[in-house]
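Chains, contacts and geometry: an overview
In case you want the letters, here they are:
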Amino acid sequence: MRASAENMRQPGLTSGFEFTLSGTELCALGAGALWWAKQKTLVVSDLHLGKSERLSRRNGLSLPPYETRDTLDRLHALITDLRPRCVICLGDTFDDDLAARNLPATDKSCLQEMMHGLRWIWIQGNHDPAPPFVGGEAMAVFHAPPLTFRHIALPEAIGEVSGHYHPKASLRGQYRPAFLLDRNRLILPAFGTYTGGLRCTDPVLATLMEQDALAILTGATPLRRPMHR
Amino acid sequence: MESLPPQILRWFSDRGWSPHPHQMEMLARRNAPATLLIAPTGGGKTMAGFLPTLAELAEGAHEGLHTLYVSPLKALAADIKRNLAQPVAEMGLPIRIEDRTGDTSATRKRRQRADPPHILLTTPESLALLISYENADHIFRGLQRVIVDEVHALAESKRGDQLMLALSRLQALCPRLRRIGLSATVDDPDALARRLAPHPDPCPILQADPGPPPDISMLDTSAAPPWAGGGAAHAIPAVLDQLRQHKTTLIFHNTRAQAEIFFHNLWLANEDALPIAIHHGSLDRLQRERVEAAMVRGELRAVVCTGSLDLGIDWGDVDLVIQIGAPKNVKRLVQRIGRANHRYNAPSKALLVPANRFEVVECLAALEAARDGALDGDPLPPGPRDVLCQHILITACAGPFSPDALYGEITTAGAYCDLPRAEFDACLEFCATGGYALRVYDQWQRLLQRPDGCWQLRDPRAATRIRMNLGTIQDTDTLKVRLKRSRGGKPLGEIEEGFAATLSPGDTFLIGGRIVRFEGLREMTVEVTRNAARKPKIATFTGTKFATSTQLSARILTILNQQSWPELPAHTADWLRLQTQVSQMPRPGRLLVESFPHEGRDYTCVYGFAGRNAQQTLGLLLTKRMEDLGLAPLGFVATDYATLIWGMEPTTDPKALLSLTTLRTGLDGWLAENAVMKRAFRTVATIAGLIERNSPGQRKSGRQASFSSDILYDTLRKYDPDHLLLRITREEALRGLVDFARIEEMMARVGDRLDHCRLDKISPLAAPLLLEVGKVPIKGTGIERLMAREAETLMQAAGLASLTE
């Protein structure tokens, strides 16, 4: 892990915090996505598309049905800005399999337009085990040495990029979604609009991450802090 | 007396008692469709309410539920049960009395639904639950009377609106239902009566003899009160003296934090080891019940308390009420004083203790108002529509309903009598589909309309979820506080999540009168250890903050403008005199603005006398405007009478800042982003049924599954800005915490009559504001900078900064 404050990019949509993981230079974007400039690869996690649909189907709650559009709009803005060759979604892209199938036509075509001409990799999550039927490649793990991309972190892994936990961290009492970084792994915050966060002090995360791990808070300018303090 | 059945008559005469005149009058009016009884505490109000019921049930011919008693407090329902069951047993009446609250066991509740008692004592929430059952008509068959206790307190909250909607349902089930409201002294009995009776029926008011006027004065303390703050530590010796001289004293505070601090200080000074306890809403229920029980047994000499003791539980021999801090509202003061001395014909005795210099003036104003019987009150707002949405869902749980019939029913509730049909339909639409501009998931809508026009739940299983989320009481997100390593041990109480988030391990704070040390968060519990420190590091967690009422503010202005102040202690009179010499007094019908430099900053003080909430809003609006004008405001602080702003540049033209149009334009933009709005939205969305507080099988491993209602608010604002819930949220925020009405009232009062005083140093009236807590920093790029600075400090401290280069 090597990260320095001088490597902060300009504030704004794609402001980021640059660091290395297993010798690979990466950038944690304030917008909550990971940018691997050398491979022109954009990584996002836990989009939870179709959450309001699932909640109304399952619980009869009618949450504002705009989160899919909002999530896709933000992803689209990043793609337009960074022009990646490849996009990796680290799982829990859809809130469940039915939510994927019930995706409104406008959202589906918006997604397909975005995917056009890009390599698109769907990592399977615990919410959406079946591959989505909008194209792209579906897999449980994606190896791009020295990095490995999967949904849920494995304790013994090295050079691993994962999601699942929706980590958040605080500064001055304010919580924000956060990346968690140590010498072995990076855990991404959830990118979906309707997602909550798990405090990075939660025992699950605290035991997974090394003692000198960093939390990188998302926001106009990403801010890093020691994760365990 | 002839209309009293012999058993009851004998019971009175055996004790050498005779019923109070208002009790007999209630009996005489037993057939009136609605009656509001206004009587002081200790005036036999409860017996007056129940006497017609006891008379009607004396023959033993009635089957099933006869009288429903609704009170705002579970404890009150239990208390009444005790106080009613005893005379009923002594009279030998064949009456079954039971209570039903959130604490009643499920088995017992099931039995009550199958076989209701004659008299059921309950709360608005438990009643709402009862009418949500499919067999509600069976439960309430034969119901004759409903008694609403403490109706003055209920009418001021959404709980009262929910109750009145439930009564409209009951009235439809039992058209002969007669209503009795029991109330303490209020400013506008007619308005209260209109809320009680089914609209448009009249509601006669019966006013019991109010008893002798109370004996109220300001406590004489040898030490002068401090310039600012609310601790009232200076009064501790004088208060202890009073405790020694009285049998039982209630010591009221305006906030829980103040109660905690005062109790702590009182305990440290309590050399005689008088038995003193503390009681407020953040304490654990068991702990509160222990205090209540000790109080009933007469074991306590004093209870330090907040509004949690405002309502009429009979505590026995309270012979003194002490109010710490200015009462902010004369009506509340009078009602609190009514808690002392339950002997009907003796005057209640009360002492006011101003916590700071300005409150001396406030207390004087309150004393005068109480002596004049000038109670203050704001007109009751129209019925809130989030509560209506919940009522529609409750109705749907009971079975299919006709929208026309339901609209007819709800408009008999006074608060909703003017609700346009279109607004009702919008609420129904929200309940059915969410009411969004974008219609995508209509196949999953919550309510379906049948071919006959009636609405019903799409999935009947949804009823369980709706019932689990009934009610309008909002626990602001609170976390339980427990002693570490006592898992399963009883919690000490609760603190707000926002407060918990500011704690770092090692911080000490007060709860339940003792100092504890914050150790950490474990799941959703705050773990603490006992701490022997004499001073807590962090003293406050937020509690209700009342704003000084409009009427009281006007009286204060009048007092300030006297030529001299013979009725004020010298320390306060001298201070006011200095203000007239150095600057000038704020005058009625004019707005005083002072500008002065102080310690390298430029200050502006606006004496609006609009109450804490409105002065706070004024501070936010003015600083926003000042930022736009490049005056670089850095922060502000607000009290009930003024807002003090500091920044890098002096204000030269306050008139330009303080135009109503400017303020109103600023309000729209500012409000939308404000935390107050987000908090109001969470309340509205929860009551209306968009967000669930509880769900079946809740017990998530982590919290990542739930997300903040702020996200819903932001999403709606972006994609559906005219949504029903946003409209309700705006109305509520403007009325409540934002209190823009008071700013408008202030602007109307002062017009363009502005007095701008430019001083070369801080003025006597402004100086205490600098010492106030609750300073609001102006956010913007500033907070980002502060966060970045803290991140650097943490990185340095952890030794990570060098390691990562």
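The shown structure was predicted, so the numbers you read here are calculated from the model rather than taken from an experiment.

1. Some remarks on the side chain of E409 of chain B
All names here are of chain B. Here E409 shows up in helix α17 (residues 403-410). The exposure class assigned to E409 is buried, which follows from its relative accessible area of 12%. A polar atom in the side chain of E409 sits 2.8 Å from the side chain of R169. Ignoring anything within four residues of it in the chain, the contact list for E409 reads S168, R169 and A172.

2. Some words on helix α2 (residues 21-28) of chain B
Among the residues of α2 of chain B, H22, Q23, M24, M26 and L27 of chain B are the ones counted as buried. Of the surrounding secondary structure, the elements contacted by the buried residues of α2 of chain B are α1 (6-14), β1 (34-38), α3 (45-57), β6 (178-183) and β7 (205-207) of chain B.

3. A look at the sheet that holds strand β4 (residues 119-122) of chain B
Residues and elements named next belong to chain B. The seven strands are arranged β3-β4-β2-β5-β6-β1-β7 in an open sheet whose pairing can be described as parallel. Only two strands of the sheet have a single neighbouring strand rather than two, namely β3 (97-100) and β7. Between one strand axis and the next, the sheet turns by 20° as a mean value, whatever way the strands run. Here three bridges tie β1 to β7, and the two strands are oriented parallel to one another. Within β7, the position partnered with L36 by the bridge is I205. Contacts between helix α5 (residues 106-114) and the sheet are confined to β3 and β4, with β3 contributing the most and set at about 125° to the helix.

4. Quick look at the confidence of the model for chain B
Residue and element names in this part refer to chain B. Chain-level pLDDT for chain B is 85 on average; 89% of the residues reach the 70-or-more range. In the model of chain B, helix α32 (residues 800-803) stands out as the element of lowest mean pLDDT, 59, in contrast to α17, which has the highest, 98. Low pLDDT, under 50, characterises residues 699-704; the stretch is placed with 13 contacts to residues that sit more than four places away or in other chains.

5. Thoughts on helix α27 (residues 709-719) of chain B
All names here are of chain B. Among all positions in α27, only S709, L712, Y713, T715, L716 and Y719 are buried. Down the axis of α27, the sector holding all buried residues measures 165°, keeping them to one side. A side-chain oxygen of the first residue of α27 lies 2.8 Å from the backbone nitrogen of D710; this N-cap is S708.

Cut-offs used in this document
Residues numbered from 1 in each chain as written. Chains lettered and ligands numbered in written order. Predicted model: local features only at pLDDT ≥ 70, side-chain atom pairs only at ≥ 80, totals over all residues. Heavy atoms only, no water. Helix = DSSP H or I, 4+ residues; strand = E, 2+ residues; numbered from the N terminus. Buried < 20%, exposed > 50% of the residue type's maximum accessible area, 1.4 Å probe, protein only. Polar contact = N/O pair within 3.5 Å; in protein donor to acceptor, adjacent residues only side chain to side chain. Contact = heavy atoms within 4.5 Å. Pairing = 2+ DSSP bridges. Axes fitted to C-alpha atoms, helices over the stretch in contact; angles between N-to-C directions. pLDDT = per-residue confidence, 0-100. Arc of directions from axis to C-beta.

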